[in-house]
Amino acid sequence: MGENLRGGAQLQNDTLRKSLRTLKVKLVLLGSSGVGKSSLALRFSKDEFRRTSPTVGCAYLTRVVHLRNVTLRLEIWDTAGQEKYHSVTPLYYRGAQAALLVYDISKRETFIRAQVWLKELEKQYIPGSTVIWLVGNKGDLATHRQVSVEEGQSLANDRGLFFTEASALSGDQINELLLAIAHRVYECIGVQQEGLSEWKETPLVDLRNRDKSSRLASCC
Amino acid sequence: MSQRTERRGIHVDQSDLLCKKGCGYYGNAAWQGLCSKCWREEYQRVRQKQIQDDWALAEKLQREEEAAYASSHGAQTQSHPQSTAPQSHPGHASLGPFSKFEEKKTNEKTRKVTTVKKFFSPSSRTAPKKETQEGKTSSPSISRHASFDTDQVSKDFVDFLKNLQKPGREIHKQCRAFIVAMSSKKDLSADELSECVQDFYQNMADRLLSHYKGWFRRTVVVISSSDSVEQVMDQVEKYIMTRLYKSVFCPETTDDEKKDLATQTRIRALHWVTIQMLCVSMDEEIPEVSENVVKAITDVIEMDSKRVPRDKLGCITRCSKHIFSAIRITKNEPASADDFLPALIYIVLKANPPRLQSNIQYITRFCNPSRLMTGEDGYYFTNLCCAAAFIEKLDAQSLNLSPEEFERYMSGQASPRLNSSEADWPQTGTAPGVTATNTVLAQLNHNLELLSGLSSRQETLMEAAQSLQADLLSWPAGVQQEVNNILEKYPLEILPRTVSAIDANNVDTDNLPPPLTPQVFAG
Ligand SMILES: Nc1nc2c(ncn2[C@@H]2O[C@H](COP(=O)(O)OP(=O)(O)O)[C@@H](O)[C@H]2O)c(=O)[nH]1
Ligand SMILES: [Mg+2]
């Protein structure tokens, strides 16, 4: 799937030192069926896919992101997007630090749907406890665009959300999005410390993942 | 339901899961097959009797004690071999067997059955009471049984804490104090109980965290994961919840039990829901998939038998992984959330797990929160909660049926099979349409086909056997016939010349010496 992250080994010592403090972040993907939630989840965890068992599917994935003075372990929760499950989805975003509201820029109804999700989310959540990110996926389908960038941006502005257009297919804006989420989550919630539970893991695991992470750390 | 599970090789009958008193609620092995309410009543009754018995025994012993005070105790020790204490404390004679029992229990950790038997067999009792026969074999043995498991957990906990040295001792002290404190809080509501436990977890985790942080500052050593806070917290949870399980699982103060019954009934009423209606991407025709489905069902049923919230979570995770395997084998690609949730709903409908609501509540209330909200186990648990919630709300729309159809299926007036051959979809009344709409009936049809195939093969076999038998019967006659034919063709001719020549030889033999006989040499 498109371009890959290639890491520089020169930063590995920094990474080792950083890895002592790791915070767990729960990130939930919401949106209609077919907008590309699962594809995004796979993109986010690409090359960092830590399979506990080879049989496990791609509904729950993890990705380690290193920031300047902290390491975040993103736990990506994919959700069933079929309309009939909407009534039970609030159970998924309990205790989430980040929620990605995904729509397909080439399908207007998914954008409308995203606003329904948002209303649900706002009913349950105190602003500031969860970073909500509006994501217009399938940016590569610009020729079939039904939702303009401005529309997305203005919805986000109105409701105090963050906004990004990305493409899970081409990989465009994926890493930028991931890093931006990590930063916001750490800024908004991580500073309060209590919001994120600390996670100890052996640096051995981090060594395996250091390549991308150092690259990520260096690009911010 | 029961036939279906039987077919899958799980030998769980719904009636086995219900309270033995027949009150309609779920029973539990730990409660001797009774529900929590009946068990409590039964237990109270039995315990009352036990106390009276012990008291009577104590009085009797004391009387005997006094009578035999000056003389020897020979006759008495025979009937009560364990009472060594009476000499010094005649008033506490009844405590003798109990303290002895404790000692024994620890000595024979592995031989619980023998110990329990020994203690409760009539021979070790001075005064076996007729009216307690029944009670004695039920309730007290349960509590002994349970306390054995609990003891094993306690022992493991102590072993684990030993590695932590001083903080380990502190943790142990805290946990014990907490359990004692909880035992005096029986009247709290479930939420309050949950709060107590969660507060305790939080405090403990905070203390551990600050302890480890201080330790990091002092050492540059790479921490091994076994020292991590989560690991310790898992052990703390295991120890505490094993002890508290009975008093806090499905407590009387809640209507968990009612909800269990409602869910159970609901799932039963939904027996007609097919894998196609739920759009599940698992093809049970593939043996490997069907195997995983069976395992998933077994795992989710097994959840009820675990005491520690994390062990229950483990069952859910195992169940989920089997579902993932089943989907992956069917679709030949990793399962996504869109595939997983419907499949889990299907598994829950098929399994009708005992006390589903109680278990979900128990895990929610008493599991370490970091395990629930986050992590892989947390993800699967959330999906199970979603499945349970979905089943509760499930309606015509969620199965892509018309409200009328849904009503008819729910009321049992029609089954998906009958409906499809009715006027509604006359064009699908033929066999292929039917097989597409209903797997269970398809399976049935398939089995019937197999059966008729088998019976026709058996008929052929029978025919062949009969013709073989006929052949065998006619064979000797045929052989006889042939022999006769040959005899007719080539009649036996006796040639006198040759006969005389043979006779002449025979005459010659008369002149031969007698045969040799064995000889015995004296030696
Ligand atoms: N063109 C394009 N197609 C995409 C993109 N992301 C996902 N898809 C396709 O959209 C379909 C649905 O994707 P999926 O991840 O299953 O969506 P989900 O139902 O939200 O999980 C699949 O066929 C994907 O290949 C994208 O960024 N661009
Ligand atoms: Mg998906």
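Here the structure is a predicted model, which means the values were calculated and not measured.

Draft legend 1. Quick look at the overall build of chain A. Of the regular secondary structure elements, chain A holds six helices and seven strands. Along chain A, helices (α) and strands (β) appear in the sequence α-β-α-β-β-β-α-β-α-β-α-β-α when read from the amino end. Relative to its 220 residues, chain A shows a buried fraction of 55%. Nonlocal contacts in chain A, meaning residues at least 24 apart in sequence, comprise 77% of its contacts between residues at least 6 apart. On chain A, roughly 9,200 Å² of surface is accessible, and the fraction owed to carbon and sulfur atoms is 52%.

Draft legend 2. Focus on the overall build of chain B. Assigned secondary structure in chain B consists of 23 helices and zero strands. For chain B, buried positions account for 42% of its 523 residues. Surface exposure of chain B reaches about 29,600 Å², of which carbon and sulfur atoms provide 56%.

Draft legend 3. Main features of the coordination of the magnesium ion (ligand 2). Taken together, the protein ligands of the magnesium ion (ligand 2) are Ser38(A) (OG) and Asp338(B) (OD), with distances of 2.0 to 2.7 Å. Of this pair, Ser38(A) sits in helix α2 (residues 37-45) while Asp338(B) sits in helix α15 (residues 337-351), each in a different chain.

Draft legend 4. Structural view of the packing of aromatic side chains. Throughout the structure, instances matching the rule amount to 18 aromatic pairs over all chains. Their ring planes at 40° and their centres at 5.8 Å tell us that Tyr60(A) and Tyr379(B) sit as a pair that is tilted. Here Tyr60(A), found in strand β2 (residues 60-66), pairs with Tyr379(B), found in helix α18 (residues 375-393), and the two come from separate chains. Assigned by exposure class, Tyr60(A) and Tyr379(B) land together as buried. Both rings, one in Tyr362(B) and one in Phe366(B), keep their centres 5.5 Å apart while their planes meet at 55°; by these two values the pair is tilted. Remark: Phe366(B) and Tyr362(B) occur in helix α16 (residues 356-366); sequence separation between them is four residues, near one turn of the helix. Note on Phe366(B): relative accessible area 1%, which makes it buried. Across from the ring centre of Trp77(A), 3.8 Å away, lies the NZ or CZ of Lys26(A), which sits over that ring.

Draft legend 5. View of the pattern of salt bridges. Counted under the stated rule, the structure contains 23 salt bridges over all chains. The salt bridge partner of Glu83(A) is Arg113(A), with a shortest N-O separation of 3.4 Å. A residue pair is termed long-range when its members are at least 10 positions apart, and Glu83(A) in the loop between β3 (71-77) and β4 (98-104) and Arg113(A) in helix α3 (residues 108-124) qualify at 30 residues. The partner of Asp234(B) in a salt bridge is Arg371(B), and the shortest N-O contact between them spans 2.7 Å.

Draft legend 6. Layout of the site of ligand 1. Surveying the vicinity of ligand 1 reveals 16 residues, the closest of which are Gly34(A), Lys37(A), Ser38(A), Ser39(A) and Asp140(A). Of the chains in the model, those with residues near ligand 1 are chains A and B. Ser39(A) places a side-chain nitrogen or oxygen 2.6 Å from an oxygen atom of ligand 1. Between Asp338(B) and ligand 1, the recorded distance is 3.0 Å, taken from a side-chain N or O atom to an oxygen atom. Within the complex, the protein chains bury 71% of what would otherwise be the 580 Å² of accessible surface of ligand 1.

Draft legend 7. Quick peek at a nonpolar patch on the surface. All names here are of chain B. Where nonpolar side chains cluster on the molecular surface, the patch consists of Leu444, Leu448, Leu451 and Leu454 and spans about 400 Å² of accessible area. Assignment of secondary structure puts Leu444 in helix α22 (residues 439-489). When its relative accessible area of 48% is taken as the criterion, Leu444 is described as partly exposed.

Draft legend 8. Spotlight on the packing of helix α9 (residues 165-183) of chain B against helix α11 (residues 229-248) of chain B. Residues and elements named next belong to chain B. Interhelical geometry of α9 versus α11 gives an angle of 30° and a closest axis separation of 11 Å. When the interaxial angle is binned, α9 and α11 end up roughly parallel. Here α9 runs over α11; the crossing is right-handed. Side by side, α9 and α11 meet where Ile171, His172, Cys175, Arg176, Phe178, Ile179 and Met182 of the first sit next to Val232, Val236, Tyr239, Ile240, Arg243 and Leu244 of the second. Its residues placed into classes, the contact of α9 with α11 shows 10 nonpolar, one polar and two charged.

Draft legend 9. The arrangement of the packing of helix α14 (residues 309-331) of chain B against α15(B) in detail. Residues and elements named next belong to chain B. Interhelical geometry of α14 versus α15 gives an angle of 115° and a closest axis separation of 10 Å. Relative to α15, the crossing made by α14 is right-handed. Taking contact as the criterion, the partners of Cys319, Ser320, Ile323, Phe324, Ile327 and Lys331 in α14 are, on α15, Asp339, Phe340, Ala343, Leu344 and Ile347. Among the residues forming the contact of α14 with α15, the class breakdown is eight nonpolar, one polar and two charged.

Draft legend 10. Structural view of the pairing of β4(A). All names here are of chain A. Taking burial as the measure, the seven residues of β4 include seven buried ones, the bulk of the element. Because side chains alternate across β4, one face comprises the buried residues Ala98, Leu100, Val102 and Asp104, and the other comprises Ala99, Leu101 and Tyr103, equally buried. Of the pairings in the sheet, the one linking strand β1 (residues 22-30) to β4 comprises four bridges and is parallel in character. Paired with Leu30 across the bridge in β4 is Leu101.

Draft legend 11. Molecular detail of the side chain of Asp338(B). Although Asp338(B) lies buried, it forms no salt bridge, and the closest oppositely charged side chain, Lys37(A), sits 4.8 Å away as judged by the N-O distance. For Asp338(B), the side chain forms a polar contact with the main-chain nitrogen of Gly81(A), separated by 2.8 Å.

Draft legend 12. The arrangement of α3(A) in detail. All names here are of chain A. Here α3 spans 25 Å end to end across 17 residues, near enough to the 24 Å set by a 1.5 Å rise per residue. Restricting attention to buried positions, one finds in α3 the residues Thr110, Phe111, Ala114, Trp117, Leu118 and Leu121. Along the long axis of α3, the arc covered by the buried residues comes to 110°, so they all point the same way. Across α3 from its buried face, at more than 90 degrees, point the exposed residues Glu109, Lys119 and Lys123. For α3, the secondary structure elements touched by its buried residues are β1, β4, β5 (131-137) and α4 (149-159).

Draft legend 13. View of the environment of Val229(B). Residues and elements named next belong to chain B. Relative to the helices and strands, Val229 is located in helix α11. Assessed through its relative accessible area of 9%, Val229 is described here as buried. Each C-alpha atom, one on Val229 and one on Asp206, is 9.2 Å from the other, the two residues being 23 residues apart in sequence.

The rules behind the values
- Residues numbered from 1 in each chain as written.
- Chains lettered and ligands numbered in written order.
- Predicted model: local features only at pLDDT ≥ 70, side-chain atom pairs only at ≥ 80, totals over all residues.
- Heavy atoms only, no water.
- Helix = DSSP H or I, 4+ residues; strand = E, 2+ residues; numbered from the N terminus.
- Buried < 20%, exposed > 50% of the residue type's maximum accessible area, 1.4 Å probe, protein only.
- Contact = heavy atoms within 4.5 Å.
- Areas by Shrake-Rupley, 256 points an atom, 1.4 Å probe, with all protein chains shown as cover.
- Donors = N, O, S within 2.8 Å, 3.2 Å for Na, K, Ca; no water.
- Phe/Tyr/Trp six-rings, centres within 6.5 Å; stacked < 30°, edge-to-face > 60°.
- Lys NZ or Arg CZ within 6 Å of the ring centre and 35° of its normal.
- Salt bridge = Lys/Arg side-chain N within 4 Å of Asp/Glu carboxyl O.
- Near = heavy atom within 4 Å.
- Polar contact = N/O pair within 3.5 Å; in protein donor to acceptor, adjacent residues only side chain to side chain.
- Patch = residues over 30% accessible without salt bridge, like charges linked within 9 Å, V, L, I, M, F, W, Y side chains within 5 Å.
- Axes fitted to C-alpha atoms, helices over the stretch in contact; angles between N-to-C directions.
- Parallel < 35°, antiparallel > 145°, perpendicular 65-115°, else oblique.
- Left-handed = near helix turned anticlockwise from the far one by under 90°.
- Nonpolar A, V, L, I, M, F, W, Y, C, P; charged D, E, K, R; others polar.
- Pairing = 2+ DSSP bridges.
- Lys, Arg positive; Asp, Glu negative; His and termini not counted.
- Expected span 1.5 Å × (residues − 1).
- Arc of directions from axis to C-beta.

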